[in-house]
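Next come the chains, spelled out residue by residue.
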Amino acid sequence: MPVELSILAWGSVLLFLHIMLAAQARTKQYGVEWNIGPRDKELPPLNPLAGRLSRAQSNFLETYGIAIVALIGVVVAGRTSAWTAAGGWIWLGARILYLPLYAFGVRKLRSILFLVSMTGLFIALWPLLAG
């Protein structure tokens, strides 16, 4: 199996972690009744940690679609290489580090890691763009 598909599988595990952490933080703040209910009522803003976890989840989803296109694309096109694998690992590694940094409110390093992750995606995507 191409390593690019393994990277996406681990990316799915990371997405699951994002979802669970954000959901747990919201439930801790709003309560189990809110979680199992219809969620129709207006609620106060999320506390800082729950808000950061929700935003980190949204941010991950913004890049995950690009990762899917890039990493499945190079597999389908037969364009996998050490570079596409490295790009995928760079993306995933940066995204793994990004989550706790965002959760704890670390600003500059978190932003640098976002740029590193985007660079990894561009490296993986390049063979599809270059033809």
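Everything in this summary refers to the structure shown in the same document. (Residues numbered from 1 in each chain as written. Predicted model: local features only at pLDDT ≥ 70, side-chain atom pairs only at ≥ 80, totals over all residues. Heavy atoms only, no water.)

A short note on the nonpolar core
Reasoning step 1: Core analysis: the largest hydrophobic core is formed by 23 residues, its most contacted members being Leu53, Phe60, Tyr64 and Trp91.
Reasoning step 2: Within the residue set of this core, elements represented by two or more residues are helix H1 (3-30), helix H3 (48-76), helix H4 (82-103) and helix H5 (108-130).
Reasoning step 3: With 8 residues, H3 is the single largest residue contributor to this core.
Reasoning step 4: Not counting the four nearest positions on each side in its chain, Leu53 is found in contact with Leu21, Ala22, Ala25, Leu99 and Ala103. (Core = buried A, V, L, I, M, F, W, Y, C linked by side-chain atoms within 4.5 Å. Buried < 20%, exposed > 50% of the residue type's maximum accessible area, 1.4 Å probe, protein only. Helix = DSSP H or I, 4+ residues; strand = E, 2+ residues; numbered from the N terminus. Contact = heavy atoms within 4.5 Å.)

Things to note about the environment of Ala77
Reasoning step 1: Relative to the assigned elements, Ala77 resides in the loop between H3 and H4.
Reasoning step 2: Judged by relative accessible area, Ala77 falls into the partly exposed class, the value being 45%.
Reasoning step 3: It is 15 Å that separates the C-alpha atoms of Ala77 and Val3, two residues lying 74 residues apart in sequence.

Quick word on the packing of H4 against H5
Reasoning step 1: Contact geometry for H4 and H5: axes closest at 7 Å, N-to-C directions at 160°. Taken together, H4 and H5 sit at an angle that is classed as roughly antiparallel. Judged by the twist between their axes, the crossing of H4 over H5 is left-handed. Contact residues: H4 offers Trp83, Thr84, Gly87, Gly88, Ile90, Trp91, Ala94, Arg95, Leu97, Tyr98, Leu101 and Tyr102, while H5 offers Leu109, Arg110, Leu113, Phe114, Val116, Ser117, Gly120, Leu121, Ile123, Ala124 and Pro127.
Reasoning step 2: Partitioning the contact of H4 with H5 into residue classes produces 16 nonpolar, 5 polar and 2 charged. (Axes fitted to C-alpha atoms, helices over the stretch in contact; angles between N-to-C directions. Parallel < 35°, antiparallel > 145°, perpendicular 65-115°, else oblique. Left-handed = near helix turned anticlockwise from the far one by under 90°. Nonpolar A, V, L, I, M, F, W, Y, C, P; charged D, E, K, R; others polar.)

Re H1
Reasoning step 1: Its 28 residues place the ends of H1 40 Å apart at the C-alpha level, agreeing with the 40 Å of an ideal helix rising 1.5 Å per residue.
Reasoning step 2: Of all the positions in H1, only Glu4, Ile7, Leu8, Gly11, Leu14, Leu15, His18, Ala22, Ala25, Thr27 and Tyr30 are classed as buried.
Reasoning step 3: Close packing links the buried residues of H1 with helix H2 (32-36), H3 and H4.
Reasoning step 4: Just downstream of H1, Gly31 is the residue with a positive phi angle, here 100°. (Expected span 1.5 Å × (residues − 1).)

Examining H5
Reasoning step 1: Spanning 23 residues, H5 covers 32 Å between terminal C-alpha atoms, matching the ideal 33 Å at 1.5 Å per step.
Reasoning step 2: Of all bends in H5, the biggest is about 40°, found at Ala124, and the proline Pro127 comes one to four residues later.
Reasoning step 3: Among all positions in H5, only Arg110, Leu113, Ser117, Gly120, Leu121, Ala124, Leu125 and Pro127 are buried.
Reasoning step 4: Residues of H5 that are buried sit in contact with H3 and H4.
Reasoning step 5: Just past H5, the residue Gly131 takes up positive phi, approximately 80°. (Bend = angle between axes of the 7 residues up to and from the residue.)

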